[in-house]
Each structure stands twice: as C-alpha cells, then as structure tokens.
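The lines below spell out each chain.
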Amino acid sequence: RKDIEQKLIPINEWGKDKELHDRAGAWIMYEDVMEHRPDNLYYILYDPAAQGGEGTSLHSAIVYKHKFKGGNKSLQETFVAEWVGRKVSRLEHNYEEIIRAALYYNAKILVERNVPGFVEWCEAKGYYHMLLNEPTRVLTEVRRQPVKYSGRKGLRTDEAINKWNLTKLGDWLREPIVQDEDGVPLKYRFQSIYSLRFLDEGINFQMDRKTEFDHMS
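No experiment lies behind these values; they were computed from the predicted model shown.

### A look at empty space enclosed by the protein
Counted according to the given criterion, the structure contains one cavity of 30 Å³ or more. By volume, the largest cavity amounts to about 40 Å³. In terms of lining residues, the largest cavity is bounded by Pro10, Ile11, Asn12, Ala26, Ile28, Glu82 and Val84.

### Description of the sheet that holds strand E3 (residues 59-65)
Strand order in this open sheet of five strands is E1-E4-E3-E2-E5, and the pairing throughout is mixed. Looking at which strands have only one partner, the edges of the open sheet turn out to be strand E1 (28-29) and strand E5 (108-111). As paired elements, strand E2 (residues 42-47) and E3 share six bridges and run antiparallel to each other. In the sheet register, tyrosine 46 faces E3, and the bridge partner there is alanine 61. The strands that helix H1 (residues 91-105) touches are E1, E2, E3, strand E4 (78-85) and E5; relative to E2, the one it contacts most, it runs at about 165°.

About the cut-offs
Residues numbered from 1 in each chain as written. Predicted model: local features only at pLDDT ≥ 70, side-chain atom pairs only at ≥ 80, totals over all residues. Heavy atoms only, no water. 1 Å grid on protein atoms, 1.4 Å probe; cavity = no way out; pocket = protein on both sides within 12 Å on 5 of 7 lines; lining within 4 Å. Points joined across faces, edges and corners; volume = space filled by probe spheres on them. Pairing = 2+ DSSP bridges. Helix = DSSP H or I, 4+ residues; strand = E, 2+ residues; numbered from the N terminus. Contact = heavy atoms within 4.5 Å. Axes fitted to C-alpha atoms, helices over the stretch in contact; angles between N-to-C directions.

In structure tokens:
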C-alpha cells in the first residue's frame, strides 16, 4: 500500500542510524513491478540484523532488476526498490518484509549468511525455495580453485570475498551505459541509481568500518 498520508519515514542518510528515534524505516520503490513478472528478472540482496527488539543495527534489502531483453524502456540493471530499517516487535517481522517483497517482485533472495536466523526461518516456514544457492562460480573465482556446491543457501562473506565484491562493484558503478557515436561515455551506471542511502554509503565507505555500511554489505 502506498503511504498516501506520508506517515512513514525512510532511512536515506548514512551515519545517523544511532540517532534515530524510529528505526522501522520504509520501503522506497523507484519503479513498480512489471505486470508480467518473469523469472530471473528481480533479485533481493539482503543483509539481516542479528537480533530482535531494540538495537542500532539495521536490516538492509535492495531489489535489483536485471536486464529485460524484451525491448522494455524501463529501468534496467539497477536497483528498483529498497528498505533499510528495524522492526522492534519481533525479529520475524523483519524477515516477513523480505518475503513480502520477494513475492511481490517474483524475486529470488541472496542473503548474507554471516548472521544466522533467516535461512533457518525460511526453511521452517516453507520459503526455502525462494533463496538463492551459494554462488559457487563466485567462490571459485575468489578462492582460485574449484568450489563445489555445498547445498547451502546464501553467502557467508570473509575478507577475500569482500575485496572481490568491492572490486566488482566499483567496475559495475563506473560502467558506461550510454555512449555517443564515437564511443565517448555520456552516462555511467552509478548515474542510474536513485538510492540516496546506497550512494551515501558508497561515498563514505571504509573497509575497516564495514559493519556500519548496511547497503554496501
């Protein structure tokens, strides 16, 4: 439901999370879902918080839309929705936000598995099939040796994976998406991102303070 009365307060700025009186946040939708939602078009990247109740750590979810090959003029290969927040009632209520978004967008969920709870909850509630498998192709590239699928969902990150991720992300953000006839870039990928929170985190990011950057995680 749209917030017609404008009562909800999205968390757009980085670095002020501890000062917030209301950490519930709100979903921001930059583009509504397509009428016909094909498989493998939308993905949710989810970084969960560890505990329920009061706390300063926030849940972070970004809905990524892959390239639609049907000649669509809408947003492509960028983020179309996001949520940064923390519902203090029960930890499960935060999980339910992610499932609702996945059902709405017909999206698969890639969860950071460093914090336990979400994968186990999904398995118990019947949502396990909505989670993406551990990305063995990425792990093979990071480890520089073949990695077989372990049967796990999501991704457990470490320093090597974080460095690989940041390198790939930097390349993606600087990728030209519009060029003139001579091949001179007119627009880059980062200029197609509407998320103020993501851009703010990208500008201020520091690896030794990674846990403070929910969206970048």
